[in-house]
Amino acid sequence: MSDQPRRPRKPGKPYRRPQKDPVRLLAFEVLRAVDERDAYANLVLPPLLRKAREGGDFDTRDAALATELVYGTLRRQGTYDAVVAACVDRPLREVDPPVLDVLSLGAHQLLGTRIPTHAAVSASVDLARVVLGDGRAKFVNAVLRKVAQHDLDGWLERVAPPYDEDPEDHLAVVHSHPRWVVSALWDSLGGGRAGIEELLKADNERPEVTLVARPGRATTGELLEEEAALPGRWSPYAVRLSEGGEPGAIPAVADGRAGVQDEGSQLVALALANAPLDGPDRTWLDGCAGPGGKAALLAALAAERGAVLLASEKQPHRAGLVAKALAGNPGPYQVVAADGTRPPWRPGTFDRALVDVPCTGLGALRRRPEARWRRRPDDLEGFAPLQRGLLRTALESVRVGGVVGYATCSPHLAETRAVVADLLKQFPDTELLDARPLLPGVEELGEGPDVQLWPHVHGTDAMYLALIRRTG
């Protein structure tokens, strides 16, 4: 036994408690709600931000960062999945979803923001320690250090197949869309690579908040007094909030005289309201009125002409939202909870009718980025009978000489022109009107007679509109 004195033990590294970052915790909570409950971020995030502000945890910059982390991660989820998959030694499906959410948040900070690398990794590991535990935090740390070895362009060169070998898969990885969505959008758009790339890029950009000044209740002049407010591009009732903000804090929005409504949605309502009629113009129908944006605009326009709007919505809670949106309308209106395919009104009742039918929502991926990962090609088959049934009822509901507007927030040809073509065959005494002149000033509307709007061309959601007149 040695008589040498023992060396003192090297003191161990002291345990550091993880820093609880309220911004990243909130972003993680939203991503978990989207994944676990099929929630939509645009519905989950605002109340959480409001609560954080009221509790004194957040200031304006915190809210902006939380919003960027949530939406940036969701928009680029497909790209980040491809990057993370290249940095782990197992299939992504074997990584626990909460771990994957932390990794995606970290990947976005490293590849999609200006947050310094060390700060992005450190903050993500601290988040992992808080919500996952120390063991899995080590896994997060190891993976994100690999992610940090290249910038986004460097990773795309490694994980995206060459465009010349597989154009659709290349675009799917680079622009973070499912391959089938890339294919469907490309078919609808037509043309070559430049157009589809511009559209996919536009889907990944943060959209402006657009307001509508409801006629007879508010003016665009009033809304333009708000900070960073700009006139709409196309609709005479639109005002854009170029820096986002909180629309609910605007007095005219808070009391229902104005609302949040994409300009494409406004144009659809305006086109129907201004379509030429043969005969009287007294009764209007919104056959799929929830949640009430188009109905509120239509009701206000109808009131200016002495006409009456009937707003119908199948789901009672959505019918309640419609009633709230229409409250205070300057003229008479009615809201009913009714199935638009089995309506309580008689055929030939209306002069004008709008059906903005349920659809895949592929035209609003800027606002609901998670929808691209949630939808499947077979969803089209589920919507098809309902879309045709609603358009059939609308055509039956207008009198001879009346006009129906068929609208979707999807550019998918199976939900737009295919539906219209089928119903025109069933109703030979109808004609398609040229909708383009009813969107004055709007450029690049194609060959007509129907209209397809695009985010990268018009700055709107990808709304589709066909106007059909009953001729006999």
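Quick note: structure is the one above.
These figures come from a predicted structure and were not determined experimentally.

This next bit is on the nonpolar core. Leu 26, Val 30, Phe 58, Leu 103, Leu 111, Val 140 and Val 147 are the most contacted members of the largest nonpolar core, which has 55 residues in total. Those residues within four positions of Val 30 in sequence are excluded, and the remaining contacts are Ala 41, Val 44, Leu 45, Leu 48 and Val 70. Counting residues in each nonpolar core, the second largest holds 43 residues, with Val 268, Leu 272, Ala 295 and Val 403 among its members.

Turning next to the pattern of salt bridges. All told, the structure shown has 33 salt bridges when counted by the stated rule. Arg 179 is the partner of Glu 168 in a salt bridge, and the nearest nitrogen-oxygen pair spans 3.4 Å. One end of the pair, Glu 168, is in helix α9 (residues 167-175); the other, Arg 179, is in helix α10 (residues 179-189), with 11 residues separating them in the sequence. As a salt-bridge pair, Arg 366 and Asp 461 come within 2.8 Å of each other at their nearest N and O atoms. A residue pair is termed long-range when its members are at least 10 positions apart, and Arg 366 in the loop between β8 (350-356) and α17 (371-374) and Asp 461 in the loop between α20 (455-458) and β12 (464-470) qualify at 95 residues. With respect to burial, Arg 366 and Asp 461 carry one shared label: buried.

Two pairing modes exist for strands in a sheet, parallel and antiparallel, and in both the strands are linked by backbone hydrogen bonds. Spatially, four strands are ordered β2-β3-β1-β4 in an open sheet, and the strand pairing comes out antiparallel. Strand pairing shows two members of the sheet lacking a second neighbour, β2 (229-231) and β4 (258-260), which therefore form its edges. Each adjacent strand pair in this sheet contributes to an overall mean axis angle of 30°, direction not counted. In this structure, strand β1 (residues 209-213) lies alongside β4, joined through three bridges in antiparallel fashion. By the bridge assignment for β4, Leu 211 is matched with Val 260. On top of the sheet, helix α14 (residues 263-274) reaches β1 and β3 (238-241); it is set at about 30° to β1, its chief contact.

It is worth spelling out the pairing of strand β5 (residues 283-286) at this point. By the bridge criterion, four bridges tie β5 to strand β6 (residues 308-313) in an arrangement that is parallel. Across the sheet, the residue bridging to Leu 285 is Leu 310, located in β6. Alignment of β5 against β8, held across three bridges, turns out to be parallel. Counterpart to Asp 286 in the pairing with β8 is Leu 354.

Rules used in this analysis
Residues numbered from 1 in each chain as written. Predicted model: local features only at pLDDT ≥ 70, side-chain atom pairs only at ≥ 80, totals over all residues. Heavy atoms only, no water. Core = buried A, V, L, I, M, F, W, Y, C linked by side-chain atoms within 4.5 Å. Buried < 20%, exposed > 50% of the residue type's maximum accessible area, 1.4 Å probe, protein only. Contact = heavy atoms within 4.5 Å. Salt bridge = Lys/Arg side-chain N within 4 Å of Asp/Glu carboxyl O. Helix = DSSP H or I, 4+ residues; strand = E, 2+ residues; numbered from the N terminus. Pairing = 2+ DSSP bridges. Axes fitted to C-alpha atoms, helices over the stretch in contact; angles between N-to-C directions.

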